[in-house]
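Remarks on the overall topology
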Amino acid sequence: MTQNWYIVHTYSGYENKVKATLEERIRKFEEQKERAGEKDVRGTFISEILVPTETVIELVKGKKKTSTRKIFPGYILVKMELNDETWHLLQDTPKVTGFAGSRTHPTPLSEKEAETLITQITEGAYAPKPKVTFEEGASVRVIDGPFTNFVGTVQEVRADKRKVKVLISIFGRSTPIELDFIQIEHN
């Protein structure tokens, strides 16, 4: 049987703990199988566990701070061969509430869906994203730089460069200024 990616639902905030617990349970399960004399069991049932995260940039106390954020809180991805043993191994793991899809017949991700998610996860780890996104016409307040505390309207968003053009009023005239995403917040 081939391995597929499955989405496993966990308690929100416990994704990393579930991953660590599951890895330990798999290690013990494989050791038990080896002691019982079964050959070639290492890595054959569950080969990979991912907690989907991305790197984000935010402004904290006037300084840029990079942190990680879960893309899908409450979910992890598991690449495995689904059988009775692996199903029970996952279901009996503390803080796991089940699989996405049918309760008794979990639906695997298609190859394309899995590839897209894994690409998003790996790219998110290397290319930090702003913690907040903005749309044209949104009212924002400048929180960093010479225009701190000015309120304006987003005129243009350049997501690829993580910059926005904001119209602020200086001496009664609308003036466009270009700012980084982390220099403004929603008003």
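Notes on the structure in this doc start here. (Residues numbered from 1 in each chain as written. Predicted model: local features only at pLDDT ≥ 70, side-chain atom pairs only at ≥ 80, totals over all residues. Heavy atoms only, no water.)

What about the overall build of the chain?
In terms of regular secondary structure, the chain is built from 3 helices and 12 strands. In terms of overall dimensions, the chain is more spread out than a globule: its C-alpha atoms have a radius of gyration of 23 Å, far above the 16 Å expected for 187 residues. Dimensions along the principal axes, computed over C-alpha positions, put the chain at roughly 80 × 30 × 25 Å. Burial status across the chain gives 34% buried among its 187 residues. Sequence-distant contacts, at least 24 apart, represent 59% of the contacts inside the chain between residues at least 6 apart. For the chain, the separation between the mean place of its 28 positive charges and that of its 27 negative charges on side chains is 7 Å. (Helix = DSSP H or I, 4+ residues; strand = E, 2+ residues; numbered from the N terminus. Rg over C-alpha atoms; globule rule 2.2 N^0.38 Å. Buried < 20%, exposed > 50% of the residue type's maximum accessible area, 1.4 Å probe, protein only. Contact = heavy atoms within 4.5 Å. Lys, Arg positive; Asp, Glu negative; His and termini not counted. Charge placed at Lys NZ, Arg CZ, Asp CG, Glu CD.)

Re the pairing of strand β1 (residues 4-10)
The two faces of the sheet receive side chains in turn, since in a regular strand these alternate between them. As paired strands, β1 and strand β5 (residues 75-80) are joined by 6 bridges and run antiparallel to one another. When the sheet's bridge partners are listed, Val 8 is paired in β5 with Ile 76. Inspection of the sheet shows β1 paired to strand β6 (residues 96-99) by 3 bridges, in the antiparallel sense. Paired with Thr 10 across the bridge in β6 is Val 96. (Pairing = 2+ DSSP bridges.)

Some details on the sheet that holds strand β12 (residues 184-186)
The sheet built from 5 strands is open, its strands ordered β11-β10-β9-β8-β12 with antiparallel pairing. Because the sheet does not close on itself, it has two edges, and the strands there are β11 (173-180) and β12. When the angles between neighbouring strand axes are averaged without regard to direction, this sheet yields 45°. Two elements, strand β10 (residues 163-170) and β11, share 8 bridges in a ladder whose sense is antiparallel. The residue of β11 that forms the bridge with Ile 170 is Arg 173. (Axes fitted to C-alpha atoms, helices over the stretch in contact; angles between N-to-C directions.)

What about empty space enclosed by the protein?
Going through the model one piece at a time under the given rule, you end up with 1 cavity of 30 Å³ or more. Forming the walls of the largest cavity are Glu 156, Val 157, Arg 158, Lys 163, Val 164, Lys 165 and Glu 178. Looking at the lining of the largest cavity, the elements with two or more residues in it are β9 (151-158) and β10. (1 Å grid on protein atoms, 1.4 Å probe; cavity = no way out; pocket = protein on both sides within 12 Å on 5 of 7 lines; lining within 4 Å. Points joined across faces, edges and corners; volume = space filled by probe spheres on them.)

Thoughts on the packing of aromatic side chains
Applying the stated rule across the entire model yields 5 aromatic pairs. Here the aromatic rings of Tyr 11 and Tyr 14 are separated by 6.2 Å at their centres, their planes lie at 80°, and the arrangement is edge-to-face. The ring centre of Tyr 14 lies 5.0 Å from the NZ or CZ of Lys 95, which sits over that ring. (Phe/Tyr/Trp six-rings, centres within 6.5 Å; stacked < 30°, edge-to-face > 60°. Lys NZ or Arg CZ within 6 Å of the ring centre and 35° of its normal.)

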